[in-house]
Amino acid sequence: MKLTVWTYEGPPHVGAMRVATAMRGLHYVLHAPQGDTYADLLFTMIERRDHRPPVSYTTFQARDLGSDTATLFKTSCQDAVERFDPQAIIVGASCTAELIQDDPAGLAETMGLSIPVIPLELPSYQRKENFGADETFYQIVKHLARPQDRTARVTCNILGPTALGFRHRDDVEELTGLLSDLGVNVNVVAPLGATPDDISRLPAAHFNVLLSPETGETAARWLEKNHDQPHTKIVPIGVGATRDFIAEVGDIIQKPLLIDESRLRMPWWSRSVDSTYLTGKRVFLFGDGTHVAAHARIARDEMGFEVVGIGCYNREMARPIRALAKDYGVEALITDDYLEVEAAIEALSPEMILGTQMERHIGKRLGIPCAVISAPVHVQDYPARYSPQVGFEGANVIFDTLIHPLVMGLEEHLLTMFRDDFEFHDAAGPSHHGGHSPLMDQDASGGSFSAKMKDEPLPDNVVWLSDAERELKKIPFFVRGKARRNTETFALEKGLQEISLNTLYEAKAHYAR
Amino acid sequence: MNAPMPPTNGGCRNAPVLKERGQREVFCGLTGIIWLHRKMQDAFFLVVGSRTCAHLLQSAAGVMIFAEPRFGTAILEESDLAGLADAHDELDREVARLLERRPDIRQLFLVGSCPSEVIKIDLARAAERLSQVHAPHVRVLNYSGSGIETTFTQGEDACLASMVPVLKDTTARELLVVGALPDVVEDQMMSLLDDLGVGPVRLLPARRIDETTAVGSNTVFALTQPFLGDTHAALERRGARHIAAPFPFGDEGTTAWLRAVATEFGVSEATFEAVTAAPRARARKAITQASEALRGKSVFFFPDSQLEIPLARFLTRECGMTAVEVGSPYIHDALHGPDLDLLPAGPQISEGQDVDKQLARARAARPDLTVCGLGLANPLEAEGLSTKWAIELVFTPVHFYEQAGDLAGLFSRPLRRKSVLQLEAAE
């Protein structure tokens, strides 16, 4: 048993729903109690989908448990096939139905349906959403892909984009364009937008582009093994990664590839002098493994930030993220416990967080700007505008995303110089964010786990003298937390009992870079 | 006298009810935690459940808010499923850790879920044990918010019902008002009752554990929410008597509700008029303005919160709408009867759900406004129907006179929006 406040991932059947909802002509019959229908709103509200997810829930109740939940499942199956006329169905159980052991797979098999029935075994008490999506897509591919000749022209499939994915809609479009510029046509995109018939045509492509390893890797490996289709290992998020990806595609199709980079603005935006203020900004990264790995490279090599912490919530990516962290000289944080992430961020006091909607919340509480780079995300992270992450346009979009939460370069100086101006004071936050005001020590709920942890008194009774404390308040909000922490650490190291004005400035000199 | 006139064509109390069983597109009772944990400021809600439960709470709440919560989920893992003795030890450990970190917590609710019910973790026993361990500082109660037993707002019902047996005894003649209301609405209601000279008035749920809510054979109680069937039964078991009334939505519902209470407490007609005349006039004026877009329009209710019948009464009688179908997850005559009496005959009354069949009826009827859950709203909008998400009706202050106009506004906004947007491509 583990106490959880917020979760990064839903249960595995929600992963299966992400695949089913992404596809067309597929239906998911889910043995589940009525409350589980909440999952529809993830798609209709958060992602603003205009169709119900293609899911039939059996919605069994307590009174059904003694009698015949198996018949209920079969009726739901029959009704779904008649009503929605799918090309194939996937069947499975949610956490509660797993406990009553009705065996949806076996039941569906005995029904003699004329369409393929793909059973899912998704252990709800061990695994999570990304596993559910990856496993579901793999089962669908394994059941439906047929041996066939390769297309005459060089083609590839794009594997991994799902419903509720982070920018998958636009990534597919950008990637398709990029591949087309490279002379490679896309055979099938799956699961997003694919029908079961399309899945059967996957082996016609010459290779696979793995856009989302979290949700497509098992299928990609299976296709490599059974249909001799190599797949790309680099996800083209960022300037360097996109160039490497192009080289990787060139290796696969054994052709040197040249590409027009005229649409790529990011490198100049980053080199231009206004971006100088980005240099060495201390950033903390947390999210799914793929996006964190890509953004670590962008942060360090393309934005000039200093990466002070790296982590991911999906254990499946623990190994590569640990290796990456080592490369960056930091400790990897592999956890799905939101409170642990919050504690790590507080301890590191970064100047910026690249994270998920959870880290945005943490950043709001701690007064640290946050850019969202990974699922899970909120309704405002499904933008109407075109905003891919992959390819050259993706790199442009990411540059904008990463600088938007920050105070602009000259503004930083002005805030320091005129901090008492009644309109232009630091508590007002970045001037391009209307109504924004970081709340360092307030919490609308009147209490929280983390607030408890934060209020712990300083060890060894270090006291801030009033002149030092007044001076601290003059330091702009976006560096105040770091200044406080640095000074306290410095005082502790020096064995000081009191922090005076001098201590503050000695610490500043000590940490100057 | 301003008693509401029953409809000339007869009401709906004896109308045939279409009872359906099929796929139900509703939340489970855990959802109630989203507003209950804000209402009871010293309470923590600990769901004993699965990752799905945690995800539901996050998603149901996350659509609207993302704040630090006073609720959490003790997620069952593979090892907990193996042996039940372990599950109790684990629960004790998690509760001890939680209470240590949160000394401000005075009431802890252990909330049962689908998995905890199916594997039969005895949370009543756990609550008893933990109460002994953590008394007197913390009181531990339990209820089920599981989706195999409860629908959406029934979670609040189960929570309040779990509190009834531990309420102090009283022999005083008191009015107990039952149902979680937004604080601002509760204050308005208390002031109206005070002006009427009705009292003492106690509240369930109280904002804090130390408040003096008690119950006994001289207690009379009024419900402010139409989904409190179990709480109603539990209070009657304690000897309290229910004041049956339409629910306090709109001018007419609020007046009828207050009048039932006033009659019970012998308030004079003159006092009643003096107290209610001004807010009634304001409510009527506000409704008239806000309901302009609703007059002559049709409305279709999918079952969601059990608020459907009182709201259909409000929309048909005070906003000039016609109800096509009024679906409710459950219909409880003692609670919904007074509103059904006033709802003009005509609409199909339905209980339970088979969502695809009901969607087919809605598509055939093409109502001007469809009241439905979050999972259905955007898909129906995409089909050209205007919708109002039902969950907003539970989260927004809508009761009593001063909110009557806002309530009408919640329904008219989707229609007004449709009329102001000029987004269709030229022919």
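Here, the structure is the one placed above.
Remember, it's a predicted structure, so these values are computed and weren't measured experimentally.

Criteria and cut-off values
Residues numbered from 1 in each chain as written. Chains lettered and ligands numbered in written order. Predicted model: local features only at pLDDT ≥ 70, side-chain atom pairs only at ≥ 80, totals over all residues. Heavy atoms only, no water. Helix = DSSP H or I, 4+ residues; strand = E, 2+ residues; numbered from the N terminus. Buried < 20%, exposed > 50% of the residue type's maximum accessible area, 1.4 Å probe, protein only. Contact = heavy atoms within 4.5 Å. Areas by Shrake-Rupley, 256 points an atom, 1.4 Å probe, with all protein chains shown as cover. Buried area = accessible area lost by both parts, 1.4 Å probe. Salt bridge = Lys/Arg side-chain N within 4 Å of Asp/Glu carboxyl O. Polar contact = N/O pair within 3.5 Å; in protein donor to acceptor, adjacent residues only side chain to side chain. Nonpolar A, V, L, I, M, F, W, Y, C, P; charged D, E, K, R; others polar. Pairing = 2+ DSSP bridges. Phe/Tyr/Trp six-rings, centres within 6.5 Å; stacked < 30°, edge-to-face > 60°.

> Explanation requested: the overall build of chain A in the structure shown.
Each helix and strand in chain A was counted, giving 22 helices and 15 strands. Taken across its 513 residues, chain A has 61% of its residues classed as buried. Taking all contacts inside chain A whose residues are at least 6 apart in sequence as the whole, residues at least 24 apart take part in 71%. Accessible surface for chain A amounts to roughly 21200 Å². Of this, 51% is attributable to carbon and sulfur atoms.

> Explain the interface of chain A and chain B here, please?
Accessible area lost upon the coming together of the parts is a frequently used measure of interface size. Counting residues at the interface gives 66 residues for chain A, matched by 67 residues for chain B. Both sides of the chain A and chain B interface together cover about 5900 Å² of buried area, and 59% of this is carbon and sulfur. Asp64(A) is the partner of Arg21(B) in a salt bridge, and the nearest nitrogen-oxygen pair spans 3.1 Å. On the surface where chain A and chain B come into contact, there are 24 residue pairs in polar contact (both at pLDDT 80 or more). Grouping the constituent residues of the side of chain A that touches chain B by class yields 27 nonpolar, 21 polar and 18 charged. Looking at chain direction, strand 1 (residues 2–4) of chain A and strand 3 (residues 71–75) of chain B are connected through three bridges and run antiparallel. Its bridge partner lying in strand 3 of chain B, Thr4(A) is registered against Thr73(B).

> Would you explain the packing of aromatic side chains in this entry?
We describe a pair of aromatic rings using the distance from one ring centre to the other and the angle between the two ring planes. Residues and elements named next belong to chain B. All told, the structure shown has eleven aromatic pairs over all chains when counted by the stated rule. A centroid spacing of 4.8 Å and a plane angle of 10° characterise the contact between Phe45 and Phe109, whose relative ring orientation is stacked. Of this pair, Phe45 sits in strand 2 (residues 43–49) while Phe109 sits in strand 4 (residues 107–112), placing them 64 residues apart in sequence. Residues Phe45 and Phe109 agree in their burial class; the two are buried. Aromatic ring contacts, followed pair by pair, group Phe27, Trp35, Phe152 and Phe395 into a single cluster.

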